[in-house]
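In case you want the letters, here they are:
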Amino acid sequence: MAKTKIEFVCRECGSSHHQWAGQCLDCKEWNTLEEVVISQATSSKPESLKDLPSSKVQNLSEIKSQNSNRLSTGLSELDRTLGGGLVDGSVVLIGGDPGIGKSTLILQAIAAINASSTTLYVSGEESAEQVSDRAIRLGIKEDILFIGETHLEKIIKISKDTRPKVIVIDSIQTMVTDLSNSAPGSVTQVRDCAAQLTQYAKQTNTILLMIGHVTKGGALAGPRILEHMVDAVLYFEGDAGGRYRIIRAVKNRFGAVNEISVFAMGEKGLQQVSNPSSIFLSNQENPSSGSMVMVTREATRPLLVEIQALVDQANGTPKRVSVGLDQNRLSLQLAILHKHSGIATFDQDVFINVVGGIKVSETASDLVVMLAIVSSLRDKVIPSKWIAFGEVGLTGEVRPVYNSMERLSEAQKQGFEVAIIPKGNAPKKPIKGMKVVTAGYLYQAIQYLLENS
């Protein structure tokens, strides 16, 4: 009989400790150590993986890249986020809030894949009838292999017999393995199950899609090492009760990070949105003050998003609220406005919102946020065909941003006529149908806005 020992594992970072403590010594989180019983037999290779091909030493120069041989999911938007499709032997982790559409998206993807390759759907949460009903509702008629199982060793054995090209695990938190005596969903169970599945995928060139639960804070549940094991991590963004879903790649070994794809939830599942800029603009026939459009970059894709500002007389302590933008950066922007343009908001409530629920993290939003604030404060309506982008430094200068020509080209395609941009991003040639206004300092952009809007 194998000897056992007790360890205390952090549920946040997965680090092991020999005795319990109130704080994890590695990630410094409090009350995250859980007692687990570990068998010494787990140090050897699991029985279910012993008959797989062993690893061999190779020269890197002789290894051929598999990136060109990608498997399409049938959804061009999802393929874009993955870097062009699925790579053989890759492991993809998909997380998101309950009910946001993770299982629906994966079922649609493997239905398209199943037309040319065998797929296996492993569900530890839903019965065969529930998954079948969803497939009927989505209009899926493909013969997809399905098994309702949570025991990992049985899943690997079935996979060896059927040899599917793609395996879906829904979800990794429900899987259990004989190597751990912990409860399903615990740190050790998730870590051990993910490690065995990843090893199986790599040694058999099987594509593995794992669905993961998220905590109330929005992070993937389980140990942080789970995200380190996999090749790509995709997050669903958006309100589960809303129509639109944004899938963002926060990690991708085979493509660009922060690449996004946009879907709309309908009766037939998730539908691709080919022109995502359209959903981030309010398309008001009568524009009002405090609203302006900017061109942001999400990995390789330029997007037009609308920034809205509301400045109102404060009753008591002034409020600073920013939705979709960095809250701390808003404080910097208000200080720069006061110092270098003489526009004070110390007795005003300032609210900033990005239309459509998207999150803008780049500094190119500085200029458009400040112009929207001035527009709301002075009640100046910015024409709907104006756009702006640019970073504003603490000294009041408007600093250039990268990929300016791609941003201007995207704005031109959408019919915008005036662009207020940094002086360092001035185009070498005139842009047909668009007037480009360059500003070296913040006060120049504000002056143009007040005189011409």
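So, how was this worked out
Residues numbered from 1 in each chain as written. Predicted model: local features only at pLDDT ≥ 70, side-chain atom pairs only at ≥ 80, totals over all residues. Heavy atoms only, no water. Pairing = 2+ DSSP bridges. Helix = DSSP H or I, 4+ residues; strand = E, 2+ residues; numbered from the N terminus. Axes fitted to C-alpha atoms, helices over the stretch in contact; angles between N-to-C directions. Contact = heavy atoms within 4.5 Å. Phe/Tyr/Trp six-rings, centres within 6.5 Å; stacked < 30°, edge-to-face > 60°. Buried < 20%, exposed > 50% of the residue type's maximum accessible area, 1.4 Å probe, protein only.

**Q** Just checking my understanding: could you explain the sheet that holds strand β19 (residues 386-388) for this structure?
**A** In any sheet, the strands associate via hydrogen bonds between backbone groups, in a parallel or an antiparallel arrangement. An order of β17-β18-β16-β15-β19-β22-β23 is seen for the 7 strands of this open sheet, with the pairing classed as mixed. The open sheet has two edge strands with one neighbour each: β17 (320-323) and β23 (435-439). Across the sheet, the mean angle from the axis of one strand to that of its neighbour is 25°, orientation sign disregarded. Of the strand pairs in this sheet, strand β15 (residues 291-298) and strand β16 (residues 301-313) are connected by 8 bridges, and their pairing is antiparallel. The partner of Val293 across the bridge, within β16, is Glu306. Packing of helix α7 (residues 327-341) onto the sheet brings it into contact with β17 and β18 (348-354), and relative to β17 it is tilted by some 125°. Taken strand by strand, helix α9 (residues 404-413) contacts β15, β16, β19 and β22 (418-422), and its axis lies near 130° from that of β15.

**Q** Whenever I open this one, the packing of aromatic side chains confuses me. Can you help?
**A** A full pass over the atoms with the stated rule returns 3 aromatic pairs. Residues Tyr121 and Phe146 carry aromatic rings whose centres are separated by 6.0 Å and whose planes lie at 25° to one another, so their mutual orientation is stacked. One end of the pair, Tyr121, is in strand β7 (residues 119-123); the other, Phe146, is in strand β8 (residues 145-148), with 25 residues separating them in the sequence. Its relative accessible area of 1% is what places Tyr121 among the buried residues.

**Q** Hey, could you run me through unusual backbone geometry in this one?
**A** Cis geometry is found at the peptide bond from Asp170 to Ser171, where omega equals 0°. Note on placement: Ser171 falls in the loop between β9 (166-170) and α5 (187-204). Not every positive phi belongs to a glycine, and Asn205 is a case in point at roughly 60°. As for its position among the elements, Asn205 is in the loop between α5 and β10 (207-212). For Asp379, which is not a glycine, the phi torsion comes out positive at approximately 55°.

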